[in-house]
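The chain contents come next:
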Amino acid sequence: MLGGFGWSDLLIAGGFVAAFPFIEWVAHTSLLHWRPREVAGLTIDPLVARKHRDHHADPEDLDLILLPLSVLLVTAAAVALLAWALPSPRAGLTLASTVTVVGLVYEWVHYLVHTEYRPRTAAYRAIWRHHRLHHYKNEHYWFTVTTCSTADRLLGTQPDARDVPTSPTARDLLGTSGR
(Lines give C-alpha, C1' and ligand atoms only; values in the text may rest on other atoms or scores of the structure.)
Protein backbone atom coordinates (compact mmCIF):
# COMPACT_ATOMS: atom_id res chain seq x y z
CA MET A 1 0.00 0.00 0.00
CA LEU A 2 2.79 2.40 0.85
CA GLY A 3 4.97 1.25 -2.04
CA GLY A 4 8.57 0.24 -2.19
CA PHE A 5 8.21 -3.38 -1.05
CA GLY A 6 11.67 -4.51 0.01
CA TRP A 7 13.73 -7.04 1.89
CA SER A 8 12.76 -5.53 5.23
CA ASP A 9 9.12 -6.39 4.50
CA LEU A 10 10.10 -9.96 3.71
CA LEU A 11 12.15 -10.13 6.92
CA ILE A 12 9.27 -8.82 9.02
CA ALA A 13 6.68 -11.14 7.47
CA GLY A 14 9.02 -14.15 7.38
CA GLY A 15 10.20 -13.50 10.92
CA PHE A 16 6.66 -13.41 12.27
CA VAL A 17 5.64 -16.54 10.34
CA ALA A 18 8.75 -18.34 11.66
CA ALA A 19 8.05 -17.19 15.23
CA PHE A 20 4.33 -17.94 15.13
CA PRO A 21 4.53 -21.65 16.05
CA PHE A 22 6.30 -20.63 19.26
CA ILE A 23 3.96 -17.70 19.92
CA GLU A 24 1.02 -20.06 19.46
CA TRP A 25 2.61 -22.68 21.77
CA VAL A 26 3.44 -20.18 24.53
CA ALA A 27 -0.02 -18.58 24.36
CA HIS A 28 -1.70 -21.98 24.49
CA THR A 29 0.40 -23.37 27.35
CA SER A 30 0.56 -20.25 29.51
CA LEU A 31 -2.61 -18.23 28.80
CA LEU A 32 -5.20 -20.68 27.53
CA HIS A 33 -4.28 -23.40 30.04
CA TRP A 34 -3.87 -20.91 32.88
CA ARG A 35 -5.09 -22.26 36.19
CA PRO A 36 -6.80 -19.80 38.56
CA ARG A 37 -4.40 -18.36 41.14
CA GLU A 38 -4.97 -16.53 44.39
CA VAL A 39 -2.91 -13.36 44.73
CA ALA A 40 -3.41 -11.14 47.76
CA GLY A 41 -6.87 -12.59 48.30
CA LEU A 42 -7.93 -12.06 44.67
CA THR A 43 -8.52 -14.87 42.21
CA ILE A 44 -6.71 -14.30 38.94
CA ASP A 45 -8.59 -16.19 36.23
CA PRO A 46 -8.50 -14.43 32.83
CA LEU A 47 -11.51 -14.57 30.52
CA VAL A 48 -9.48 -16.26 27.78
CA ALA A 49 -8.58 -19.13 30.16
CA ARG A 50 -12.18 -19.54 31.32
CA LYS A 51 -13.41 -19.58 27.71
CA HIS A 52 -10.74 -22.11 26.79
CA ARG A 53 -11.83 -24.39 29.63
CA ASP A 54 -15.37 -24.15 28.26
CA HIS A 55 -13.99 -24.97 24.81
CA HIS A 56 -12.30 -28.12 26.17
CA ALA A 57 -15.49 -29.13 27.98
CA ASP A 58 -17.45 -28.93 24.73
CA PRO A 59 -15.12 -28.91 21.70
CA GLU A 60 -18.03 -29.25 19.27
CA ASP A 61 -19.70 -26.01 20.44
CA LEU A 62 -18.89 -23.70 17.53
CA ASP A 63 -19.60 -20.62 19.67
CA LEU A 64 -16.55 -21.49 21.80
CA ILE A 65 -14.04 -21.93 18.98
CA LEU A 66 -13.07 -18.41 17.94
CA LEU A 67 -11.11 -16.10 20.20
CA PRO A 68 -13.29 -13.78 22.30
CA LEU A 69 -13.72 -10.26 20.90
CA SER A 70 -12.00 -8.71 23.93
CA VAL A 71 -8.89 -10.83 23.26
CA LEU A 72 -8.89 -9.77 19.62
CA LEU A 73 -9.16 -6.10 20.63
CA VAL A 74 -6.27 -6.36 23.10
CA THR A 75 -4.20 -8.19 20.50
CA ALA A 76 -5.02 -5.57 17.87
CA ALA A 77 -3.96 -2.79 20.26
CA ALA A 78 -0.69 -4.59 21.06
CA VAL A 79 0.05 -5.13 17.37
CA ALA A 80 -0.76 -1.49 16.61
CA LEU A 81 1.67 -0.33 19.33
CA LEU A 82 4.38 -2.65 18.07
CA ALA A 83 3.75 -1.59 14.46
CA TRP A 84 3.91 2.08 15.48
CA ALA A 85 7.28 1.44 17.18
CA LEU A 86 8.82 0.10 13.96
CA PRO A 87 11.08 2.46 11.99
CA SER A 88 8.62 3.21 9.19
CA PRO A 89 4.89 3.17 8.49
CA ARG A 90 5.53 0.62 5.73
CA ALA A 91 7.23 -1.76 8.18
CA GLY A 92 4.39 -1.29 10.66
CA LEU A 93 1.80 -2.00 7.99
CA THR A 94 3.72 -5.10 6.90
CA LEU A 95 3.72 -6.39 10.47
CA ALA A 96 0.05 -5.58 11.05
CA SER A 97 -0.94 -7.18 7.74
CA THR A 98 1.09 -10.31 8.45
CA VAL A 99 -0.35 -10.70 11.95
CA THR A 100 -3.86 -10.23 10.56
CA VAL A 101 -3.44 -12.84 7.82
CA VAL A 102 -1.80 -15.36 10.16
CA GLY A 103 -4.53 -14.74 12.73
CA LEU A 104 -7.27 -15.32 10.17
CA VAL A 105 -5.60 -18.56 9.01
CA TYR A 106 -5.32 -19.68 12.66
CA GLU A 107 -9.01 -18.99 13.35
CA TRP A 108 -10.13 -20.66 10.10
CA VAL A 109 -8.07 -23.82 10.64
CA HIS A 110 -9.15 -24.03 14.28
CA TYR A 111 -12.76 -23.61 13.22
CA LEU A 112 -12.50 -26.34 10.56
CA VAL A 113 -10.88 -28.79 12.97
CA HIS A 114 -13.92 -28.52 15.22
CA THR A 115 -16.57 -28.90 12.51
CA GLU A 116 -17.82 -31.93 10.61
CA TYR A 117 -15.40 -31.15 7.77
CA ARG A 118 -12.93 -33.99 7.26
CA PRO A 119 -9.38 -33.52 5.96
CA ARG A 120 -8.70 -34.14 2.29
CA THR A 121 -4.96 -33.44 2.24
CA ALA A 122 -2.13 -35.05 4.20
CA ALA A 123 -1.04 -31.71 5.70
CA TYR A 124 -4.51 -30.80 6.94
CA ARG A 125 -5.06 -34.39 8.16
CA ALA A 126 -1.93 -34.06 10.31
CA ILE A 127 -3.13 -30.74 11.77
CA TRP A 128 -6.63 -32.15 12.34
CA ARG A 129 -5.36 -35.27 14.13
CA HIS A 130 -2.83 -33.31 16.16
CA HIS A 131 -5.37 -30.85 17.56
CA ARG A 132 -7.98 -33.52 18.22
CA LEU A 133 -5.41 -35.49 20.24
CA HIS A 134 -5.04 -32.39 22.43
CA HIS A 135 -8.81 -32.23 23.03
CA TYR A 136 -9.72 -35.90 23.26
CA LYS A 137 -6.54 -37.76 24.31
CA ASN A 138 -4.45 -35.60 26.63
CA GLU A 139 -4.47 -31.84 27.20
CA HIS A 140 -0.81 -31.79 28.28
CA TYR A 141 0.45 -32.36 24.73
CA TRP A 142 -0.13 -31.23 21.13
CA PHE A 143 -0.56 -27.49 21.77
CA THR A 144 -0.06 -26.06 18.29
CA VAL A 145 -3.15 -25.76 16.12
CA THR A 146 -2.10 -24.46 12.72
CA THR A 147 1.60 -25.14 12.25
CA CYS A 148 1.88 -28.90 11.69
CA SER A 149 3.19 -29.29 15.24
CA THR A 150 6.48 -27.47 14.63
CA ALA A 151 6.81 -26.05 18.16
CA ASP A 152 5.46 -29.22 19.78
CA ARG A 153 8.18 -31.29 18.12
CA LEU A 154 10.92 -28.87 19.13
CA LEU A 155 9.63 -28.27 22.67
CA GLY A 156 8.88 -31.89 23.57
CA THR A 157 5.09 -31.83 23.62
CA GLN A 158 4.52 -34.17 20.68
CA PRO A 159 5.00 -37.72 21.91
CA ASP A 160 3.74 -40.72 20.02
CA ALA A 161 0.03 -40.84 20.85
CA ARG A 162 0.30 -44.58 21.55
CA ASP A 163 2.67 -43.82 24.45
CA VAL A 164 0.36 -41.27 26.11
CA PRO A 165 -2.46 -42.29 28.42
CA THR A 166 -5.88 -40.79 27.85
CA SER A 167 -6.27 -38.01 30.39
CA PRO A 168 -9.36 -37.92 32.60
CA THR A 169 -9.12 -34.11 32.55
CA ALA A 170 -8.86 -33.49 28.79
CA ARG A 171 -12.45 -32.22 28.86
CA ASP A 172 -12.32 -30.83 32.42
CA LEU A 173 -9.04 -28.92 32.63
CA LEU A 174 -9.30 -28.13 36.33
CA GLY A 175 -10.46 -31.62 37.20
CA THR A 176 -13.44 -30.29 39.11
CA SER A 177 -16.33 -30.93 36.73
CA GLY A 178 -17.28 -27.34 37.50
CA ARG A 179 -14.76 -25.80 35.08
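Summarised in this report is the structure supplied together with it. Everything quoted here is computed from the prediction, not taken from an experiment. (Residues numbered from 1 in each chain as written. Predicted model: local features only at pLDDT ≥ 70, side-chain atom pairs only at ≥ 80, totals over all residues. Heavy atoms only, no water.)

1. Overview of the overall build of the protein
Scanning the protein for helices and strands turns up six helices and two strands. Element order for the protein, N to C, with α for helix and β for strand: α-β-β-α-α-α-α-α. By its C-alpha atoms, the protein is 55 × 50 × 30 Å across when sized along the principal axes. Of all 179 residues assigned to the protein, the portion counted as buried reaches 39%. (Helix = DSSP H or I, 4+ residues; strand = E, 2+ residues; numbered from the N terminus. Buried < 20%, exposed > 50% of the residue type's maximum accessible area, 1.4 Å probe, protein only.)

2. A closer look at the packing of helix α3 (residues 69-85) against helix α4 (residues 89-113)
Helix packing geometry: the angle between the two helix axes and the distance between the axes. Contact geometry of α3 with α4 gives a least axis separation of 8 Å together with a crossing angle of 155 degrees. Comparing the axis directions of α3 and α4 gives the class roughly antiparallel. In the packing of α3 onto α4, the handedness of the crossing is right-handed. Along the contact surface, α3 presents V79, L82 and A83, while α4 presents G92, L95, A96 and V99. Tallied by class, the residues present in the contact of α3 with α4 amount to six nonpolar, one polar and no charged. (Axes fitted to C-alpha atoms, helices over the stretch in contact; angles between N-to-C directions. Parallel < 35°, antiparallel > 145°, perpendicular 65-115°, else oblique. Left-handed = near helix turned anticlockwise from the far one by under 90°. Contact = heavy atoms within 4.5 Å. Nonpolar A, V, L, I, M, F, W, Y, C, P; charged D, E, K, R; others polar.)

3. Some points on helix α2 (residues 47-57)
All buried positions along α2 are accounted for by V48, A49, H52, R53, H55, H56 and A57. Looking at the buried positions of α2, the neighbouring elements they touch are α1 (7-32), α3, α4 and α5 (122-136).

4. Structural notes on α5
Taking 1.5 Å per residue, 15 residues should reach 21 Å; α5 reaches 21 Å between its end C-alpha atoms and fits that length. Turning to α5, its buried residues number three or more, namely Y124, I127, W128, H130, H131, R132, L133, H134 and H135. Of the surrounding elements, those touching the buried residues of α5 are α1, α2, α4 and α6 (150-155). (Expected span 1.5 Å × (residues − 1).)

5. Description of the side chain of K137
Inspection of the secondary structure assignment puts K137 in the loop between α5 and α6. Summary of buried charges: K137 has no salt-bridge partner, and the nearest side chain of opposite charge, D160, is 8.4 Å away. One polar contact links K137 to T166, side chain to side chain, over a distance of 3.4 Å. Contact partners of K137, with chain neighbours within four places excluded, come to R132, W142, A161, V164, P165, T166, S167 and A170. (Lys, Arg positive; Asp, Glu negative; His and termini not counted. Salt bridge = Lys/Arg side-chain N within 4 Å of Asp/Glu carboxyl O. Polar contact = N/O pair within 3.5 Å; in protein donor to acceptor, adjacent residues only side chain to side chain.)

6. Looking at the pattern of salt bridges
Following the criterion strictly, the structure yields three salt bridges and no others. The residue R90 makes a salt bridge to D9 at a minimum N-O spacing of 2.9 Å. With R90 in helix α4 and D9 in helix α1, this pair connects stretches of sequence that are 81 residues apart. On the basis of relative accessibility, which here comes to 1%, the residue D9 falls in the buried class. Residue R53 is joined to D45 by a salt bridge in which the shortest nitrogen-to-oxygen separation is 2.5 Å. As far as burial versus exposure is concerned, R53 and D45 are alike and both buried.

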